[in-house]
Structure formats: C-alpha cells, structure tokens
Amino acid sequence: MRVKILGSAAGGGFPQWNCACPNCRAQRGGTFPGKARTQAQIAISADSRSWFLLGASPDLRTQIEASPELHPRELNPRDRGPSAVRKSPIAGAVLANADVDHVLGLLLLRELQPLRVYATDSVRGILTEDNSMFAMLQRVPGQVTWSSFVPGTTFPLENPGGEDSGLRCRALSLGTHYPAYISPSRQGELTSGEASLGLIVEFPGGKRLAYMPAVPQIDDALLQEFDSADVLLFDGTFWSDDELIRIQGSGQTARQMGHIPVWSAEGSLAKLAGLRRPRKIYIHINNTNPMLNEAGPEYRQVRESGWEVAEDGCQFDL
Ligand SMILES: [Zn+2]
C-alpha cells in the first residue's frame, strides 16, 4: 500500500516559467536553500503493481520517467502487436476538479493505453463535451473508460479490465468555483458541489489517505474527516492571504482563489494544530510561498509544528 508524491508544487511549478519572485530567482540562480518542484501529482497503489493517479498534472511525463515503478513493464515475447510493448502499470486516474494543472496530463496519456478515469459528471462533461481535444482519449474502443462518481459516496478503483484494485475512494465537496476557462453560462449548467473536491482513499486493511490540495475553509465536519485519516496531504499553496498581491502588486487573495493560507490566526497551521492522528504534510505549494526556503523562519515554524513539506519523489507505505 504505497503513496508516491510525484509532484508537490501548485500550478506553474517551482520555479514558474514567467516568475521572477525572490524564490524563483534564487532557485534559478542556484542559491535557493530549498528544492525545485513539479506540479502536484500523487500516485497510489495497493499492490505496487497497478497504480492510480490522483489528478493528471502537466508534468506527468517527466514525473513518470522519474519513477521506476511507473515505467512500462518488460514485454512478454509471446505477446504480439502493440499490447506487447505498451504495458504501463498506470491503471487510471481520479479527477478532483477540471483545473488545467490537474487534468492536462490526461492528454499526455493519449497513446492508446487502456485507462479508467474517474470523474464527476460535471468534470467529465467539461472535458469530453466542451473540449474536443480530449477526444484523443477516445480514438479506439477500450482506450479510456470514464467512470462517474458522486461526491460523498464511496467507489472502488478498478483496473481497466474491471478487476478491483482493493482501493476505495470518496470525494468531499470543498469549493464551488469552476476554472476561469469555463463560461459563466456553462457554469450555470454544472453542479456547483462538483467544482472542487478533496479525495479520501481507503487502502485494503483500512488505512486512509486524505488528499486535499485546494481547501477554501475548514469546518468541524472536515476536521473529523482529517482526524480519521492516517496521512493528510493538505493545501500548502500560500503562506499568507495577501501573498500574491504583495509580490505582484495586484491580484486575488489566497482565500479568493480557494486556498486557506498556512499562516494567520485563521490559517491551517492554527486550525489543524489539534489534529493528533494523521501524519501532516503540506502539498500544492506555490512558488511564492516562503516556507519553500528551508533556511527560513517559515519552514522552521511549520516543521516545529509537526508538519512536513512535501517534496517531489517522496513516498511512504500505509
Ligand atoms: Zn516565483
């Protein structure tokens, strides 16, 4: 029962291509006391043979190449045709929203590999009805099988052939904002509770992973969910609410973008201080976040509060 963090940054990665904030400049200059990161991506497996992706990041190709477990297996000489060489251990993906940095990677998986993709009806409609490029996933029968789920209900993750992987998933409805590329009139047709989800994965034996990369606020029901998890991967996008405004001179607050900041009286560090059960790891960290600097006071404060800061390539067993 393994969890691999393939990518740990927020959209844009760290450094981000068009960003000259102090963090990105120092990272490019080789003087930053912290690691570069690709865009957030998790892979999970019950048996270390068949893997499911949580999201599909734009960095998926390099993330797969950096992870030997996800490389295609040796071909069986008795097999013939494309099936002899196209044998990725990736069985499918679970989508939590329709953000570009969460779904673009599906297009990188278009080379006729059978995959099962789990999504709400709203997210599936956005991708397969509104965005014709995703038809690349439907070029041949049996390429991508879309499976619908409804937030709040538990569903099994099945391999493309239909065998049960042993993994169970349940989505929590967290935010009501759809990505900016979806028109207001189209948003009006979609279910608002399917816009932004957190994912709870239950492994055989009962261990639980909570993957929550975009959390606008924390209420008591959410605290209970987190307290029943063994590992919590939580929204570490912004350190402070006005972080982007201070660096860019304009823009939105963290909360307006659907992310509770790490620090402040109402931030996640304070709100989740009472959690005792789960191992707590910040993920989806924006390139502007000062806690990326491992020599800085913010990083020290997070570590001294019992949190870890996710890095690309780290993995653990449950
Ligand atoms: Zn930057």
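The paragraphs below set out a description of the structure included in this document. Computed from a predicted structure; not experimentally measured.

Focus on a nonpolar patch on the surface
Right, on to step 1. On the surface, a cluster of nonpolar side chains totalling about 250 Å² of accessible area is made up of Val100, Leu104 and Tyr181.
Right, on to step 2. We classify Val100 as partly exposed; its relative accessible area is 47%.

A word on the pairing of strand β1 (residues 2-7)
Right, on to step 1. Across the six residues that make up β1, a large majority, five, are buried.
Right, on to step 2. Bridge count between β1 and strand β14 (residues 315-317): three bridges; the pairing is antiparallel. Note that in β14 the partner of Val3 across the bridge is Phe316.
Right, on to step 3. Of the strand pairs in this sheet, β1 and strand β2 (residues 41-45) are connected by five bridges, and their pairing is antiparallel. Among the inter-strand pairings, Ile5 is bridged to a residue of β2, identified as Ile42.

Looking at the sheet that holds strand β11 (residues 231-235)
Right, on to step 1. Here seven strands make up an open sheet; going across it, the order is β7-β8-β9-β10-β11-β12-β13 and the pairing mixed. Edge positions in the open sheet fall to β7 (154-158) and β13 (307-309), since each of these has one partner strand only. This sheet shows a mean twist of 25° between the axes of neighbouring strands, independent of strand direction.
Right, on to step 2. Pairing analysis gives seven bridges linking strand β8 (residues 164-175) to strand β9 (residues 196-202), with the strands arranged antiparallel. Residue pairing in the sheet places Ser173 in a bridge with Leu197 of β9.
Right, on to step 3. Sheet strands touched by helix α6 (residues 220-227): β8, β9, β10 (208-212) and β11. Its angle to β8, the strand with the most contacts, is close to 155°.

Side note on the pairing of strand β12 (residues 279-283)
Right, on to step 1. A large share of β12 lies buried, amounting to four of its five residues.
Right, on to step 2. Alignment of β11 against β12, held across five bridges, turns out to be parallel. Each bridged residue has a counterpart across the sheet, and for Leu232 the counterpart in β12 is Lys280.
Right, on to step 3. In this sheet, β13 lies alongside β12 in parallel orientation, the contact comprising three bridges.

A few points about the side chain of Arg116
Right, on to step 1. In this fold, Arg116 is placed in strand β5 (residues 115-119).
Right, on to step 2. Take Arg116: its relative accessible area is 12%, and that puts it in the buried class.
Right, on to step 3. There is a polar contact of 3.3 Å between the side chain of Arg116 and the backbone oxygen of Asn159.
Right, on to step 4. Here Arg116 is in contact with Ala91, Gly92, Ala93, Thr145, Ser147, Glu158, Asn159, Pro160 and Gly162, once residues within four sequence places are set aside.

A look at the coordination of the zinc ion
Right, on to step 1. Coordination of the zinc ion by the protein comes from Cys19 (SG), Cys21 (SG), Cys24 (SG) and Asn287 (OD1), over a distance range of 2.2 to 2.3 Å.
Right, on to step 2. Seen from the zinc ion, its four donor atoms lie at angles of 101 to 119°, and the figure they make is tetrahedral.
Right, on to step 3. Sequence spacing of the donors to the zinc ion: C-x1-C-x2-C-x262-N. Of the two residues, Cys24 sits in helix α1 (residues 22-29) while Asn287 sits in the loop between β12 and α9 (297-304), which places them 263 residues apart along the sequence.
Right, on to step 4. Taking relative accessible area as the criterion, Cys24 reaches 0% and is therefore assigned buried.
Right, on to step 5. Residue Asn287 is classed as buried on the basis of its relative accessible area, which comes to 2%.

Brief notes about the sheet that holds β5
Right, on to step 1. Reading across the sheet, the seven strands line up as β6-β5-β4-β3-β2-β1-β14 and stay open at both edges, with mixed pairing between neighbours. In this open sheet, the two strands that pair with only one neighbour each are β6 (144-148) and β14. Ignoring strand direction, the axes of neighbouring strands in this sheet form an average angle of 20°.

Definitions and cut-offs
- Residues numbered from 1 in each chain as written.
- Predicted model: local features only at pLDDT ≥ 70, side-chain atom pairs only at ≥ 80, totals over all residues.
- Heavy atoms only, no water.
- Patch = residues over 30% accessible without salt bridge, like charges linked within 9 Å, V, L, I, M, F, W, Y side chains within 5 Å.
- Areas by Shrake-Rupley, 256 points an atom, 1.4 Å probe, with all protein chains shown as cover.
- Salt bridge = Lys/Arg side-chain N within 4 Å of Asp/Glu carboxyl O.
- Buried < 20%, exposed > 50% of the residue type's maximum accessible area, 1.4 Å probe, protein only.
- Helix = DSSP H or I, 4+ residues; strand = E, 2+ residues; numbered from the N terminus.
- Pairing = 2+ DSSP bridges.
- Axes fitted to C-alpha atoms, helices over the stretch in contact; angles between N-to-C directions.
- Contact = heavy atoms within 4.5 Å.
- Polar contact = N/O pair within 3.5 Å; in protein donor to acceptor, adjacent residues only side chain to side chain.
- Donors = N, O, S within 2.8 Å, 3.2 Å for Na, K, Ca; no water.
- Tetrahedral: all angles 85-135°; square planar, octahedral: opposite > 155°, others 65-115°.

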